[in-house]
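# Structural characterization, general
The chain contents come next:
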Amino acid sequence: MGTRDARIDAYIAKSAPFAKPILSQLRETVHEACPAMEEAWKWSHPHFLYHGMLCGMAAFKRHCTFGFWKGALVVPADHAEEAMGQFGRITRLSDLPPRQVLLRYLKKAMQLNEAGVKLKRAAPKPKGAVVVPPELKRGLRRNARARTTFEEFSPSHQGEYIEWISEAKSDATRQRRLDSAIKWMEEGKSRNWKYLK
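Bear in mind the structure is a predicted one, so any value in this text is a computation, not a measurement. (Residues numbered from 1 in each chain as written. Predicted model: local features only at pLDDT ≥ 70, side-chain atom pairs only at ≥ 80, totals over all residues. Heavy atoms only, no water.)

## Let's talk about the packing of aromatic side chains
Going through the model one piece at a time under the given rule, you end up with ten aromatic pairs. Centroid distance Phe87 to Tyr105: 6.0 Å. Interplanar angle 35°. Geometry classified as tilted. Of this pair, Phe87 sits in the loop between helix H3 (71-74) and helix H4 (99-114) while Tyr105 is found in helix H4, placing the two residues 18 residues apart along the sequence. Assessed through its relative accessible area of 10%, Phe87 is described here as buried. Residue placement shows Lys189 over the ring face of Trp193; its charged tip is 3.7 Å from the ring centre. Taking the ring centre of Trp164 as reference, the NZ or CZ of Arg191 above it sits at 4.0 Å. (Phe/Tyr/Trp six-rings, centres within 6.5 Å; stacked < 30°, edge-to-face > 60°. Helix = DSSP H or I, 4+ residues; strand = E, 2+ residues; numbered from the N terminus. Buried < 20%, exposed > 50% of the residue type's maximum accessible area, 1.4 Å probe, protein only. Lys NZ or Arg CZ within 6 Å of the ring centre and 35° of its normal.)

## Re the pairing of strand S4 (residues 64-68)
Of all five residues in S4, five are buried; the element is thus mostly enclosed. Of the two faces of S4, the one carrying Cys64, Phe66 and Phe68 and the one carrying Thr65 and Gly67 are both buried. Alignment of strand S3 (residues 53-59) against S4, held across five bridges, turns out to be antiparallel. Within the sheet, the bridge partner assigned to Met57 lies in S4 and is Phe66. (Pairing = 2+ DSSP bridges.)

Right under this line is the structure:
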């Protein structure tokens, strides 16, 4: 027997009036397709689990969304993807696919999860080389300890200093940040050292 989560009841109850019937119908259709479904609360939205993540729904100010975790393997690619999920912006019940179609998608998603099929994720794009602003280069050339610290930092830690200095709007702010950065790196500190415990 599946489970129902009281947080999802509350979520539907406090949703906008247009969203309540949409979310309720989606929830009931999911449970109809899979009585063993477990409800879960993930990323501040209702989700449904069956041998892993299956699908989820959400309500916003002017639209709802519904999507499958392995959407690319479940729903044909011709569906609009102007919002989260595979069905675009859902603003009324008639925006949902017909019940039988949705049930068919749910059964397909369930079969994929039962079979342990994994969705192939795109390989992460390699990050570009870190570009050090000229003023930071000059500051690091003048201070060997700060330069050594900077060179030993991971690219993400180097990037924190670079971004902080580069995003300064005025020359005075940029110089203050540069002075602080050199001092902190001389002490071996990362950019966000104040927040580390």
